[in-house]
Amino acid sequence: SDDADNNIVDRLLTMLNGITHSEKELTLKDLETSMKKDMMMLARGCRRLGEERLLLERRVHVLETRADASPPTTAVEADQNEQKDASAIQIPEITATGANEAMDIEGGYCLSGSMWDATLLVGISAVGHAGSVFSVLLLVLNVLVQIVFVMIIFFTLTEAVFTPETVTAFRGWRRNIAHSPRFADTISSMSLAARVCGNDAGLEVAAGQKDAYEKIDKYMGSSKNPLPQPGLIMCILCLFMWTLTVSGEINSMLRFSRAVIALPRGNTVLERTEESARFLSISNRRCYFVVFIQMIRLALSSVLLVCGALWLSYETDMSNLLLNAVALEFVLNVDELIFENLAPLQFKHVFGLCSTTALPLPSLLHQCRQDFRWRGLDVRTVTTFFSCVAFITAIYAGFMMPYDVILRDTRHAICGGELDFLYAMGGAGLPLWGVLVPHGNTTAHVKNQIEKARSGSWTDGIWFDNDVTCHSKACWAEATLAERASFSYEEFVVDTLVAGFGTFKQRKLVDEGLAENDQCGLPFSVFQGYDISGAACLVSFDGKSADAGCLASMMNLSRCDAEMYATLATKDVTGNTIQPPSTDQKRCCLALQLKTPSTTTGRFSVKTFELESIQESITIWNPACTDVLGPIKSLGATYAYNNLLEGSVVDAVALTCPPGGSSNCSTVVCPKDRPLFHKGECVVPLCSNIKKYCFDDSAAGIRARQFCSETCGCADPTSQLVLAGEDFGCPVNCPHTPTYSMAVGKLACMDVPPGSPSLVAWADEVTRVSGTWPLNWADGAPRFVNSIVADGCWAASSNSPVGSAYGLDWCKFGGTFWPIKPISYMCPVTCGCAKAMRSGGKQWGCPTSCGATHVNESSHA
């Protein structure tokens, strides 16, 4: 009422009249401050109500969308729902620990404790400025650690342990070491190969080969494991688990990125309570920063997925497969370890509050996921499963299958084929071998392993090299001639033995009734019909085609074509037609040609051939100092072992060829029946076409002088040959041949004059040969021989200033620093030939005429 209002005004005026002026001003200021505070609180409340309104509208939209997408409940379902006991219906409570799974159904994402998700809180005032800076440093540390791990895995652990080069190396070990008498166990009579494959715990060498074989054998399946390919199965399982682990990481990254992108844009606003915290909006810069970090996370996870898959694919140690898979998961979870142990406490506290509230996922993408559900299956689950299967299939086809072939080849290179034999290269370059029979004290396990190899149960691969890539027992029968010819003669022989042509296949043929008396599968009547002894073989071990071969004995040609075979051996003594031998039969006969009766004792034992020198080998292969390669003049035929000499010569010639070939070397593989490349074509090795090597200080030169002594001039002191010593292949019996006697019988017992053509030719040849010697020997030889040419034979005597100063004697083998023949045939007087011959001695190269009593020893021409 008006009276009441007037009374109130009067009272106020009375009160104001009692207040001083200063008190009035103070009261007004307090009222103004109080009003400002009230206005700020009002504005904040209005802003919060607006945000709540926006959030409620989004939730309502999501609920409306789900309601529209959900199919209507049928009458049957309604009845069943009505029959349910209401007390039995339980609504699960969404807790902090189960928020991730629960909110996933509701279309949300809960933060997980990792440095990747922690990027959302960097720069928030609630975590502090120092906490944000340190968190950024931890994020950089996390990225660097994972990058270093990825680089280490990629550059060091994704390389295959076994490669084609490894297979070649193991084959080299098998050829050169595994069957050498030096490494055989003489007590148990076992080769090194048999000991390695028999898991001999007392090995003093070849531990690497033993470990490699054990790993591969366990990986590919042994008799102790009933599962086929247990290593391959375990590797696929580890790959599957590893792929699922990375898939979970990638799905988490995608869901987190979608949730961040779905947050409202504006200033970054974090609402905090005592129990939770949530983002009401984020800035564009924060959104871009988080998405960029997630792209780095995606790249690292993808690279780590591929590198880890390669690491697991190339692991052959069964015990390391699981450990490697766990180690990869450890690398993937580095972000969680860093966050858990190094993140600041205030940062982790705020992060924990945020993780209790799920970030809503965008409704559009969620609607798409709902549309592609079919009977309980969703797109993400199906996509993840088939992506994992496709990735593992690609790894299996691209890496595991080729690696499985390499593992088979490696296992076969170490322990495939025949194990019980030893072989050695003699002084003539011929690989001779003998069979080992294990003693009774050999363990049962080792015997079982050897018997399995002998029976062919380990011949799942094939002994091959270079471009031969077949993997079956019939590999050699299917291989082309060029593929077989890619081997050297020594390798061909050893591979023939490893393939079992000398032992296993021979025993198999006998067991099947196809062979008699070690005749390589040919009926014994064939050999009887031509009066061939039991040791006769097919000398030509490879022909131009399946029907290009012939039987040969000591008096028959060692090489003939199909037409010659038809005229030589078409019927046996019983009148049956003789079929040309197969390639396997030829290889079997080659093995029998080189077989020795013993491995340890006797002149023809493997042990003796291993220690055989060049001089000792000549006493067996060429004792008469003649040409034994090719047709023999006095016989009109070749020796039965002519094919063995050819192989030795061809191997020695190959050693003289520089890398890439030359005019004397072929870049095209020559067939075994014409193995020598000469003047642009493949030919049969003969003394006439290897004469050019006679004067060389090389392996080819030694073989030429060993097998073509007459052509090379070993028996003629006046020939161009200066390397006429026994150490260089010339037989020791050359001075006892008619050729030698005829040559020295034509010489006069007098020294040639200085500068004579014979001295000049001799000096030129020494100078040429010295080019292959070490530098000090190559520099000194020309100076000394040129002084002899200038001063004459007197300069070559031991009494000359040079001879007495250096102790040189050019008149006998080994009298100088250089391995050249004596010059007594040119300087008989200086060398004292007359005195030596009259006293009953015999000096190499001295003319026969020096033995006459009228010769003046001091006369010079």
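In this structure, what is going on with the overall build of the protein chain? I would like to understand it.
Scanning the protein chain from N- to C-terminus turns up 33 helices and eight strands. Across the protein chain, every contact between residues at least 6 apart in sequence was considered, and the portion connecting residues at least 24 apart equals 66%. For the protein chain, the accessible surface area stands at approximately 43,300 Å², while carbon and sulfur atoms represent 61% of it.

Sorry, what's going on with the packing of aromatic side chains here?
Two aromatic rings are characterised by how far apart their centres lie and by the angle between their planes. Counted under the stated rule, the structure contains 17 aromatic pairs. Ring centres of Tyr-109 and Phe-256 lie 5.5 Å apart, and the angle between their planes is 45°; on these two criteria the pair is classed as tilted. In this pair, Tyr-109 is assigned in strand E1 (residues 108-109) and Phe-256 in helix H9 (residues 230-262), connecting sequence segments 147 residues apart. Like Tyr-109, the residue Phe-256 is buried in the burial classification. Residues Phe-817 and Trp-818 carry aromatic rings whose centres are separated by 5.6 Å and whose planes lie at 85° to one another, so their mutual orientation is edge-to-face. Trp-818 gets classed as buried once you look at its relative accessible area, which sits at 4%. Pairwise contacts between aromatic rings join Trp-762, Phe-784, Tyr-806, Trp-810, Phe-817 and Trp-818 into one cluster.

When you look at empty space enclosed by the protein in this model, what are you seeing that I'm missing?
By rolling a water-sized probe across the atoms, one finds the places where empty space is left. Scanning the model with the defined rule gives two cavities of 30 Å³ or more in all. Here the second largest cavity defines a volume of roughly 40 Å³. Lining the second largest cavity, in full, are Asp-809, Trp-810, Lys-812, Gly-814, Gly-815, Thr-816, Trp-818, Ile-820, Lys-821 and Pro-822. A per-class count over the lining of the second largest cavity returns four nonpolar, three polar and three charged.

Looking at this model, I keep getting lost on the pattern of salt bridges. Mind explaining?
If charged atoms from side chains of opposite charge come close, those side chains can pair. Evaluated as defined, the whole model comprises 14 salt bridges. Note that Glu-249 is salt-bridged to Arg-297, the shortest N-O span being 3.0 Å. Here Glu-249 is found in helix H9, whereas its partner Arg-297 is found in helix H10 (residues 284-313), with 48 residues between them in sequence. A salt bridge links Arg-603 to Glu-612; the shortest N-O distance between them is 2.9 Å. By relative accessible area, which is 8% here, Glu-612 ends up buried. Here the salt bridges share partners, and the residues they tie into one network are Asp-117, Glu-249 and Arg-297.

Any chance you could explain the packing of helix H11 (residues 318-332) against helix H12 (residues 334-342) here in plain terms?
To characterise two packed helices, one gives the angle between the axes of the helices and the distance between these axes. Between H11 and H12, the shortest axis-to-axis distance is 4 Å and the interhelical angle comes to 55°. As the angle between them shows, H11 and H12 are arranged oblique. Residue-level inspection shows Phe-330, Val-331 and Leu-332 of H11 in contact with H12, the latter providing Val-334, Asp-335 and Leu-337. Classifying every residue of the contact of H11 with H12 by side-chain character gives five nonpolar, no polar and one charged.

Looking at this structure, I do not really get the state of the cysteines. What am I missing?
A covalent bond between the sulfur atoms of two cysteines is what we call a disulfide. Scanning all chains against the criterion turns up nine disulfides. Residue pairing for Cys-197: its cysteine sulfur links by disulfide to Cys-415, the two sulfurs lying 1.7 Å apart. Across the S-S bond linking Cys-197 and Cys-415, the dihedral sits near -100°, which makes this disulfide left-handed. Of this pair, Cys-197 sits in helix H7 (residues 192-197) while Cys-415 sits in helix H15 (residues 379-415); the two residues are 218 residues apart in sequence, bridging distant segments of the chain. Each member of the pair, Cys-197 as well as Cys-415, is classed as buried. Here Cys-714 engages in a disulfide with Cys-730; their sulfurs sit 2.0 Å apart. In this structure the cystine formed by Cys-714 and Cys-730 twists about its S-S bond by roughly -65°; its chirality is therefore left-handed. Within this pair, whereas Cys-714 is found in the loop between helix H28 (709-712) and helix H29 (738-745), its partner Cys-730 is found in the loop between H28 and H29, the two being separated by 16 residues in sequence. Taking the relative accessible area as the measure of exposure, Cys-714 reaches 3% and is therefore buried. Note on Cys-730: relative accessible area 2%, which makes it buried. Cys-238 carries a free sulfur, and the closest cysteine sulfur to it, the one in Cys-235, is 6.9 Å from it. A residue is classified by how much of its surface remains accessible, and Cys-238, at 5% relative accessible area, is buried.

Analysis parameters
- Residues numbered from 1 in each chain as written.
- Predicted model: local features only at pLDDT ≥ 70, side-chain atom pairs only at ≥ 80, totals over all residues.
- Heavy atoms only, no water.
- Helix = DSSP H or I, 4+ residues; strand = E, 2+ residues; numbered from the N terminus.
- Contact = heavy atoms within 4.5 Å.
- Areas by Shrake-Rupley, 256 points an atom, 1.4 Å probe, with all protein chains shown as cover.
- Phe/Tyr/Trp six-rings, centres within 6.5 Å; stacked < 30°, edge-to-face > 60°.
- Buried < 20%, exposed > 50% of the residue type's maximum accessible area, 1.4 Å probe, protein only.
- 1 Å grid on protein atoms, 1.4 Å probe; cavity = no way out; pocket = protein on both sides within 12 Å on 5 of 7 lines; lining within 4 Å.
- Points joined across faces, edges and corners; volume = space filled by probe spheres on them.
- Nonpolar A, V, L, I, M, F, W, Y, C, P; charged D, E, K, R; others polar.
- Salt bridge = Lys/Arg side-chain N within 4 Å of Asp/Glu carboxyl O.
- Axes fitted to C-alpha atoms, helices over the stretch in contact; angles between N-to-C directions.
- Parallel < 35°, antiparallel > 145°, perpendicular 65-115°, else oblique.
- Disulfide = S-S within 2.5 Å.

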